[in-house]
Amino acid sequence: MAKRIDVSGLTAYYGSHKAIEDISMTVEPRSVTAFIGPSGCGKSTFLRTLNRMHEVTPGGRVEGKVLLDDEDLYGTGVDPVSVRREVGMVFQRPNPFPTMSIFENVAAGLRLNGSYKKSELSDIVEKSLKGANLWNEVKDRLNKPGSGLSGGQQQRLCIARAIAVEPKVLLMDEPCSALDPISTLAIEDLIGELKERFTIVIVTHNMQQAARVSDRTAFFNLSAVGQPGRLIEIDDTERIFSNPSVQATEDYISGRFG
Amino acid sequence: MDISTQTTDAPPPTPEPDVARLKSNSRGATRPGDRIFLGLSRGSGILLLVVMAAIAVFLTYRASLAISKDHGNFLTTFEWNTNLTPPSFGIAVLAFGTIVSSIIAMALAVPVAVAIALFLTHYAPRKLSGPIAYVIDLLAAVPSIVYGLWGALILVPHMQGLYGWLNDYLGWTGIFSWDGGAPRAMLTVGILLAIMILPIITNVSREVFRQVPRMHEEAALALGATRWEVVRMAVLPFGRSGVISASMLGLGRALGETMAVATVLSPSYDIQASLLDPGGGTFAQNIASKFGEATEQGRDALIASGLVLFVITLLVNGAARAIIARRKEYSGANA
Amino acid sequence: MSTAAVTDKRPSTLRAASLPKWSPWAIAGGSIVLAIAIGLAGGLTKVQWGLIAAVLFILGTYGIAARVEGRRQAKDRVATSLVWVAFLIAVVPLVSLVWVTISRGVKVLNLYFLTHSMGVVADSEPGGGIYHAIIGSLEQVGLATLIGAPIGVMTAIYLVEYGRGRLASAVTFFVDVMTGIPSIVAGLFILSLMLIFKMQPFGFAGSLALAILMMPVVVRSTEEMLKLVPNELREASLALGVPKWRTILKVVLPTSIGGITTGIMLAIARIAGETAPVLLLVFGNPFINNNPFEGAQASLPLYIYQQYSQSAGANAAYDRAWAASLTLIAFVMILNLVARGIARWKAPKTGR
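It should be emphasised that the depicted structure is a prediction, and the values quoted were computed from it without experimental measurement.

Enquirer: Could you clarify how one ought to interpret the overall build of chain A in this entry?
Expert: Summing up its helical and strand segments, chain A has 10 helices and 10 strands in all. The C-alpha radius of gyration computed for chain A amounts to 18 Å, which stays within 12% of the reference 18 Å derived for 258 residues, consistent with globular compactness. Put simply, chain A has 258 residues, and 49% of those count as buried. Nonlocal contacts in chain A, meaning residues at least 24 apart in sequence, comprise 68% of its contacts between residues at least 6 apart.

Okay, structure coming up:
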């Protein structure tokens, strides 16, 4: 069910400040695409334009096209709410709803759309938690608050919540930056499994992580502070890390700046 | 709030502080200056406790004087004749009026206040919400006597239409029947109290809603929630205990409000079945209206009724605290 | 049969039928017109028109949105319109309150009104003023502040700088309890003392009751402000060998003085409008009494109440009540505005 993303000429603003400029790329279905680049280069902003979360920020607006299997997310009459159901998101810091139990957290997205029978709901919750490799750890305490879990478990709970509504694309905004190495490893393994079913886009600061989990890697950079971020190049991960075609990419991955 | 992370521009501590002196200082009370200062500040705290104890003791003492002479039953008697020998008075009417007017006020004010707080934090254009919040903040400071004057001279005449309409359509219930008298009845009192406590509840609720972490709202949005669903999933659950304590704050004001009730209500010492018929009274209003002609015995009786009001407000505050404490486990504090 | 043709016919999952941007305004306009029509036909009052319009607006929004956009969107729209309607409904009385107070208040509010007492003026006649009430208010509130503010601030210092253990938690608890005391109960407490000592009403008795109301407010706000002072500042001072009490006086208090002042001014604004305790303890007096320690005094809120309640509906008295209300509100608002100004100006500049 995974879908292809086709971005062309995308520019995003915060008020009058241009955050990213003229970005075009294609993200293949059932693959992991990693965005790397120095801080402030707009990779998170770009990620948030892919499910229209950017416009939630006051002053945020977007120009250009984002096609999800030939359908423009920014076309007239497109409902951002429907877009976000198709394109799920996992955030930098784990953010389970603090007032809901583990079960309710996973079921939260489902409850928005139509009514499910109790048994159907339990099935989907179980399937999603298993999909997020969390089931064995929480099956005995589904009714406890989600905020009682460890950071890594919370993040996997958020992934379970996101995949429960069966999105076509899963966006991850530095999902491991708040986690310890063991939890990070668990999430990275999970990403490898999830790409069988979803199109995955992940923003990361950690180049080893990009090299480990992604099939393709996009490098973003900005010419100077205050200038908009740009896509420098996108290519197979192996090529980016062994023999990139642009000098700036090589400088960045070999640690010469950033 | 973590204070220690707030500032980084403090001068760094000197590398080798005099450890012994620092320790003794932090315990206080070694130098004369420290001893005096600690004494003064601790003394103030103790004074506050003494005042609270004195309030309880003296009110109870004067109240017991009155109740011991009360020929009627203090809790159930339907009259307030304190100048008779023997006197006969009871608080049933006042308790009824206080509770009824406060219930009306809460039923009207809380939903509207929560809606306005949501309006200001999640719906209104940003340019509008700032100034409106500021004005509502100021309105919370308007003295209750001004609300009372406005209620008596402006609100009461405007209630005629509503009273007639309620009587026409809901008069058969008995609660909303109206004999056409001046609308100085419990419903008007409740509406005025609602208007009075609206800014208070709105302000506190707004603060609470503003503190909902953005990441919870974004989590809901990313699941494909509409704005209302974001509010339902992330904002209201997070703010629930805050809204409850805001409401209790408002309830406390409504229960103890004196002037706004005294100016609007046309009191009588009985219980009206209809909310639209003038009559009844509240603890605070009764004290203010009866005080002028009361003898010493009468004043003691009023003090006794005040003591009951005091206890009721304490119970309300305690209940609010208990509710908030019970919801701790699910609060967002640890997220 | 090409796949392109098939995908074109497939209903879009992203696109949903939606109402145009102007639709809420259109529904609102329609509701108002309809409500006025119903109102004119039924001979209803303006308030009723408004309520009918509000109900029509909400029902109309739901009906139309549910038909065009589906139930979830309809719920969202209804929530939005409910929130707007609640806001508008609440605005009406609050705006009316401010407007009426100003428009009626300016009628008799002039220099004469501010500088004369009610001395020999009967309540039902025009003339007279609020000089005596202003004097009374200033003295009572001033004395209350002299008592309440230092005790409040010192208590807060105790709680934040020294407070550990049983005493501190007891004080914290009872400050909370004290915040909830109805003003009339504070008045009754002082009254019970006066009954025991056989005293007649006088201004200072009112001050004591007001001080009781003021203290918990000052404690709370000062506590908040002291907690905002970064610990590093205290440690830096202590590490230089400065005694704790001088650290508090020279480092902690100056850093938070803006916020503390704001808190005290807001507390003053609150007690300046209190009527009930003054009614019980100070009693009211149409003549000028400059001595708060002997004899009944007037005060502004009490003056408003007595002009309203003792005048048997005389317009002159109502005019004076409105004018006094305007004076009182102006006083309270100026205190509030200045306090907020100070808070903004003196806000602790937390480092970045």
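Enquirer: How should unusual backbone geometry be read in this particular structure?
Expert: Comment: phi is negative for the bulk of residues other than glycine, and the bulk of peptide bonds are trans. All names here are of chain A. The phi angle at D22 is positive, at roughly 50 degrees, despite the residue not being glycine. Structurally, D22 is set in strand β2 (residues 17-27). Note on D22: 14 C-beta atoms within 10 Å, which makes it partly exposed. The phi torsion at N133 lies on the positive side, around 55 degrees, for a residue other than glycine. Mapped onto the elements, N133 comes out in the loop between α4 (118-131) and α5 (135-138).

Enquirer: When you look at the interface of chain A and chain C in this model, what are you seeing that I'm missing?
Expert: The parts lose accessible area when they come together, and the size of an interface is often stated as this lost area. Taken together, the eight residues of chain A in the interface contact six residues of chain C. If one sorts the elements of the side of chain A that touches chain C by residue count, helix α2 (residues 80-86) of chain A sits on top with three residues. Class assignment of the residues belonging to the side of chain A that touches chain C gives a composition of three nonpolar, two polar and three charged.

Enquirer: Would you explain the interface of chain C and chain B in this entry?
Expert: At the interface, 88 residues of chain C touch 84 residues of chain B. When residues in the side of chain C that touches chain B are grouped by element, the largest group, 19 residues, is from helix α4 (residues 71-105) of chain C. Within the side of chain C that touches chain B, the residues separate by chemical class into 60 nonpolar, 19 polar and nine charged.

Enquirer: Please clarify how the UniProt feature "transmembrane region" (unreviewed entry) in chain B should be interpreted in this entry.
Expert: With numbering matched to this structure, UniProt assigns "transmembrane region" (unreviewed entry) to residues 45-67, 87-120, 132-156, 185-205 and 301-324 of chain B. The straight-line gap between the two end C-alpha atoms of residues 87-120 of chain B is 53 Å; of that span, 85% is helix and 6% is strand.

Enquirer: Please explain the UniProt feature "domain: ABC transmembrane type-1" (unreviewed entry) in chain B as it appears in this structure.
Expert: Mapped onto this numbering, the UniProt entry gives "domain: ABC transmembrane type-1" (unreviewed entry) at residues 95-320 of chain B. Counting secondary structure, residues 95-320 of chain B comes out at 77% helix and 0% strand; the distance between its end C-alpha atoms is 20 Å.

Enquirer: Can you walk me through the pairing of strand β7 (residues 169-173) of chain A in this structure?
Expert: A regular strand carries its side chains on alternate faces of the sheet. Residues and elements named next belong to chain A. With five of its five residues buried, β7 lies for the most part within the structure. Side-chain alternation along β7 places V169, L171 and D173 on one buried face and L170 and M172 on a second face that is also buried. Here strand β6 (residues 87-90) pairs with β7 via four bridges, running parallel. Across the sheet, residue G88 finds its bridge partner in β7, namely L170. Note that the unit made of β7, helix α7 (residues 181-194) and strand β8 (residues 199-203) has a crossover that is right-handed.

Enquirer: Explain the pairing of strand β9 (residues 216-222) of chain A to me, please; I cannot follow it from the model alone.
Expert: Residues and elements named next belong to chain A. Among the seven residues in β9, seven count as buried, and that is most of the element. Two strands pair when backbone bridges link them, and strand β3 (residues 32-36) and β9 are joined in this way by four bridges, in the parallel orientation. Within β9, the residue paired with A34 across the bridge is T217. Here β9 runs beside strand β10 (residues 229-236); their pairing, made up of seven bridges, is antiparallel. Its bridge partner lying in β10, R216 is registered against D236. Hairpin connection from β9 to β10: six residues lie between these consecutive antiparallel strands, with G226 at a positive phi of about 95 degrees.

Basis of the calculations
- Residues numbered from 1 in each chain as written.
- Chains lettered and ligands numbered in written order.
- Predicted model: local features only at pLDDT ≥ 70, side-chain atom pairs only at ≥ 80, totals over all residues.
- Helix = DSSP H or I, 4+ residues; strand = E, 2+ residues; numbered from the N terminus.
- Rg over C-alpha atoms; globule rule 2.2 N^0.38 Å.
- Buried ≥ 20, exposed ≤ 12 C-beta atoms within 10 Å, placed from the backbone.
- Contact = placed C-beta atoms within 7 Å.
- Nonpolar A, V, L, I, M, F, W, Y, C, P; charged D, E, K, R; others polar.
- UniProt positions renumbered as here; feature names shortened; annotations may be inferred.
- Pairing = 2+ DSSP bridges.
- Right-handed = clockwise from strand over helix to strand, strands pointing away.

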